[in-house]
Each structure stands twice: as C-alpha cells, then as structure tokens.
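# What the coordinates show
Chain by chain, the residues:
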Amino acid sequence: MSGKFSDRMYHALNEQIRNEYFSAYLYLSMSAACLEKNLPGIARWFRVQYEEELSHGDKFFKYMTDRNAKVKLLQIDQPPHEWNNPLDMFKNALAHEKYVTGLINNLVTIANEDKDYATLSFLQWFVDEQVEEECADEEIIAKLEMIGGSKGSLLYLDKELGKRKED
C-alpha cells in the first residue's frame, strides 16, 4: 500500500528508511571500534551520531505512516567493523554522508518530478541536515590531519569530541 506516493517514491522512501538505519549501524560500529582503541570521547561522538541516524529513520517511518503508506522494512547490511585510526573512520563517515546526500537529492528529484509537494517540504529538513553532517565530518578530518601522529593531541581531541550532546 503506497498511500499518497507514486510507486517510485514509495520504494525510494522504504529504501531510505533502510539506509538511515544502516547509517546508525555504521556509526555504532565506529563507536565500538573507538572503545576498543580506548578513545571514549570519539566513541561517544559516534554513539550520538548513531542516535541521530536512528531518529532520521524514525522520521521517514512516521512520515510514511502519516500518509497511509505501508512501511516495508528491508534487510540492513553488516557495516564495516575495522578502521586503521580515527582519521580513517571520519574519512569513511564523510564518504558515507556524501552518499546519503546523493540519496536525499534523488528523493528530491523524484518528488519534483512527481509534483509531490508534501514530500518536497518534508525532505527540505534532510537537505539542510546533510550540509551540517558533511561540514562536521570535514571539520574533524581537518583537525585530525593537523594532529598527525601526536598522541597527546589525539587524546585532547578525544576529550573534546566526548563533550558532544545529543540533539
């Protein structure tokens, strides 16, 4: 039951729910990897990111059900679980966020083509959110690149990133 969506939008929204929950799973995996490396602050940063991605999936879920569409939860792939270092993690996170930006942009394209103005309005929040997501990762990558191999600086950044609050 696709509710008030075209078939194409209906399938794309179900896919996006899966993608948002995969994102959460990816960040939880990164958090676990940081805990293994004794970096609790960075682990917390990724744990907060995990919670945020869950909420994104929930927003899509609620939007679909509010519009009388049946949600079909699709299988979530296993995320990676090993990275060389925090810089590698954040570069992976940035690449993933750019991928998600492309997915959101595709949803916007479909909504435009379908003249689905309610979905266009709903998606605007996600368009803005992706700008913030990419910017945050880029900022942390720049700091990690400045740090280089300095363990003391990494510990300082770990402490700073651990102060991240849930939105």
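Throughout this description, residue numbers start from 1 for each chain and increase along the sequence as written. At least 70 in pLDDT is required for a residue's local features to be given in this predicted model, at least 80 for side-chain atom pairs to be given and counted, and no such filter applies to totals for whole chains, interfaces and linings, which use all residues. The basis for every side-chain value is the complete set of heavy atoms in the structure, and neither hydrogens nor water enter the calculation.

### As for the layout of surface pockets
Here the term cavity refers to a set of points on a 1 Å grid, laid over the protein atoms alone, in which a 1.4 Å probe fits but cannot get out; the term pocket refers to an open set having protein on both sides within 12 Å along at least five of seven lines, with lining residues being those that place an atom within 4 Å of a point. Grid points are joined across faces, edges and corners, and a volume is the space filled by probe spheres set on the points. Quantified by volume, the largest pocket comes out at close to 150 Å³. Taken together, W45, A136, E139, I140, K143, I147, S153, Y156, L157, E160 and L161 make up the full set of residues lining the largest pocket. Only runs of H or I of at least four residues qualify as helices and only runs of E of at least two qualify as strands under DSSP, and these elements are numbered from the N terminus. Counting only elements with at least two residues in the lining of the largest pocket, the list comes to helix 4 (117-147) and helix 5 (151-161). Throughout this entry, Asp, Glu, Lys and Arg are counted as charged residues, while Ala, Val, Leu, Ile, Met, Phe, Trp, Tyr, Cys and Pro are counted as nonpolar. The remaining residues, Gly among them, count as polar. Split into classes, the residues belonging to the lining of the largest pocket amount to 7 nonpolar, 1 polar and 3 charged.

### What about helix 5?
Each residue is placed in one exposure class: buried if its accessible area under a 1.4 Å probe, protein chains only, is under 20% of its type's maximum, exposed if it is over 50%, and partly exposed if it falls in between. For helix 5, the complete set of buried residues consists of L157, D158 and L161. Buried residues of helix 5, viewed axially, fall in a sector of 105°; they line one side. Every exposed residue of helix 5 that faces more than 90 degrees away from the buried side is listed here: L155, Y156 and K159. If you follow the buried residues of helix 5, they end up packed against helix 2 (40-66), helix 3 (86-114) and helix 4. Each C-beta atom gives one direction from the helix axis, and the arc is the one those directions make. Here, two residues are considered to be in contact whenever any of their heavy atoms come within 4.5 Å of each other.

### So, the pattern of salt bridges
Note on definitions: salt bridges are taken to be side-chain nitrogens of Lys or Arg within 4 Å of carboxyl oxygens of Asp or Glu. Counting across every chain of the model gives 9 salt bridges. Across the pair R164 and E52 runs a salt bridge, and its minimum N-O distance is 3.3 Å. Here R164 is found in the segment after helix 5, whereas its partner E52 is found in helix 2, with 112 residues between them in sequence. Its salt-bridge partner being E139, residue K143 comes within 3.5 Å of it at the nearest N-O pair. Separated by 4 residues within a single helix, K143 and E139 lie in helix 4, roughly one turn from each other.

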